[in-house]
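Structural description and commentary
These are the residues of each chain, in order.
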Amino acid sequence: MIKGPLLSPAACGPHQPGCCTQRNSAPYELGQRTSFWVAAGVVAHTLWTSAAPAMTYPLFAEEWHLTHTVTTGVFAIYPIVVAAVLVGFGDVSDYVGRRAAILWGVGASLFGTLLFALAPDVLWLFAGRAFMGIGVGLTAGPSTAAMVEFGGQGAAKRAATITTAAQAVGFAAALLLGGALIQYAPLPTQLNFWVLSAVLAALFAAAWFLPRHTGSEAQGRWRPKTPFIPKRLRNVFAVAAAAVTSAYTHGVLILSLGSQVARDLVGSPNALVNGAALSLFAIASAVVGIGARSLQPRAAMTGGAAASALGMVLLAAAVAHHHLPVFLAATAISGAGYSLLFFGGLQTINSAAPAEHRGGVLSAIYLLAYVSLGAVSLLLGAVATAHGLGFAVNLGAGVISLFSVITVALVAMTRAGSIQTAFPSKSEGQHMIRTTPEQNKALVLEAFDTLFNKRDYESASRFWSDQYIQHSAHIEPGREGLLGLVRSLPDSLRYEHGLILAEGDYVIVHGRFSGHGRPTAWVAADVVRIENGVLTEHWDVLQDEVTQAESKSGLPMFGARFPA
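Predicted, not measured: the structure shown is a model, and the values here were computed from it. (Residues numbered from 1 in each chain as written. Predicted model: local features only at pLDDT ≥ 70, side-chain atom pairs only at ≥ 80, totals over all residues. Heavy atoms only, no water.)

As for the overall build of the chain
Check the secondary structure of the chain and you find 18 helices and nine strands. For the chain, with 564 residues in total, the buried portion stands at 56%. Intrachain contacts of the chain at a sequence separation of at least 6 include 73% that bridge at least 24 residues. A total of about 22,300 Å² of accessible surface is found on the chain, and carbon and sulfur atoms cover 64% of it. (Helix = DSSP H or I, 4+ residues; strand = E, 2+ residues; numbered from the N terminus. Buried < 20%, exposed > 50% of the residue type's maximum accessible area, 1.4 Å probe, protein only. Contact = heavy atoms within 4.5 Å. Areas by Shrake-Rupley, 256 points an atom, 1.4 Å probe, with all protein chains shown as cover.)

Below, the structure is given as structure tokens:
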């Protein structure tokens, strides 16, 4: 970890220990430690921006005579826009760099917040929430990925812990500072957003000096596309996505309907008092998130799901019996559940995602979370208008409990060894992904099939490291050398694998390449080294396949039969 001055010359390579920036960056940029905390500030802004309008919804509803459907609609447009941005732009930071995406996103959030501060009617609120959604959609994945890349040793766990705490800080600031400004300062529907605008402007200025590159960018030119999850990550992704989605869905009850519930149960018109009641969610989330650092992801997700379900039962009971202490307990326990679910899910995917596609994979996680948030919000808003707030809260509690049960089921069905955990690299001081020999064998077979048989070069590039080391005498250096060779071969190329062995980080696979335009097929023994979940180094031994007449042993070189 860099311990130098706040601003330091960009004069280190991307693979030097403790250095995340490439040459040819800006003349001055933030050091690694400061960059980590700026990224944490961007993470905090996602929850602060999301929660900032929560305490003003009742004021807007009273001033403009809005129904529950309209107020939850204003809330719901935000996760819908976030999801739309994540669909098209989720991996943009993998190509243009974390800094550029963060600057675009913070700028959009700032503009949306200013629209709220100046809003003359409800249409401005819809527009403001849309721009906030654009801002969070552009920054959610990149800021989380940046924390891993600037986190130094033990990055995956440290980033998950601080991300959880940063979100809690942003949430608490929105509720407590917002509640105080609404209650005791002038301009109750505006000053809260002017203050947030000033914070976002300062954050934008700090992000301007982030390193322009982290050495983990994907190769090629970016273009809009739907999120892609490599097959080898899909089980881990499903578990992590279920946990994060369950956590985020709490936001419907806390941010959309929570202020009205608190107002009814607390029995106080004081916005700060109501905000303080809701802030128990954020406070419990921060405390538990920091204390959960020693937990394994499986234990964190299982415990979080149990706490979440209990919190929802208590919330339904509090609304049914109009009991304030039970409501406060429900809010705190739900915050603990949120923290454990989010921490466990985020640590799981941080450890598993390859560096050059980390932004896209994290954005896909957030995409599912925000789609769920928007859909449940619209549903509960309509239900609250038609059947009352109490019925809507009960329905929401049931939905969140169901998500928690699904998370526990997925964790239980996933083998402990298949949830990868980050370990520090002794040589580079950065986090490494440790995979089992069985996972390595599956990875190599999927990579070979994707490249040689499916000829899907974009997907195949995700399996090979951008620092790929090639020892074959027949292939040009690096990943592009391999891809270029395969592009030059006929469409009839086919690869078949036979015996495959794995030990530690190495895999040896016996296979046949046919249809490559030569008179005879090749029989190959490929030796591959795996590092950080991608193919990093390669050796091979190649022979022309012989016929039965040519074989002195009388046995085929590959499989049970000689070639036709």
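Some points on the side chain of Ser 404
Take Ser 404: it is sitting in helix α15 (residues 389–413). The contacts of Ser 404, once residues within four sequence positions are left out, are Ser 246, Ala 305, Ser 308 and Ala 309.

As for the sheet that holds strand β5 (residues 464–470)
On the basis of which strands lie adjacent, the open sheet formed by five strands has the order β5-β9-β8-β7-β6 and mixed pairing. Both edges of this open sheet fall to β5 and β6 (494–503), since each of them pairs with a single strand only. Strand-to-strand twist across the sheet, computed as the mean angle between neighbouring axes with direction ignored, equals 25 degrees. With ten bridges joining them, strand β8 (residues 522–531) and strand β9 (residues 534–544) adopt antiparallel strand pairing. Its bridge partner being in β9, Ile 530 is matched across the sheet by Leu 535. The strands that helix α16 (residues 437–453) touches are β5, β6, β7 (506–514), β8 and β9; relative to β6, the one it contacts most, it runs at about 165 degrees. (Pairing = 2+ DSSP bridges. Axes fitted to C-alpha atoms, helices over the stretch in contact; angles between N-to-C directions.)

Some words on helix α6 (residues 122–149)
Taking 1.5 Å per residue as the helical rise, α6 with its 28 residues ought to reach 40 Å, and the 40 Å between its terminal C-alpha atoms agrees with that figure. The axis of α6 is deflected most strongly, by about 35 degrees, at Thr 139, and proline Pro 142 appears within four residues downstream. Extensive coverage of α6 is indicated by the burial of 22 of its 28 residues. (Expected span 1.5 Å × (residues − 1). Bend = angle between axes of the 7 residues up to and from the residue.)

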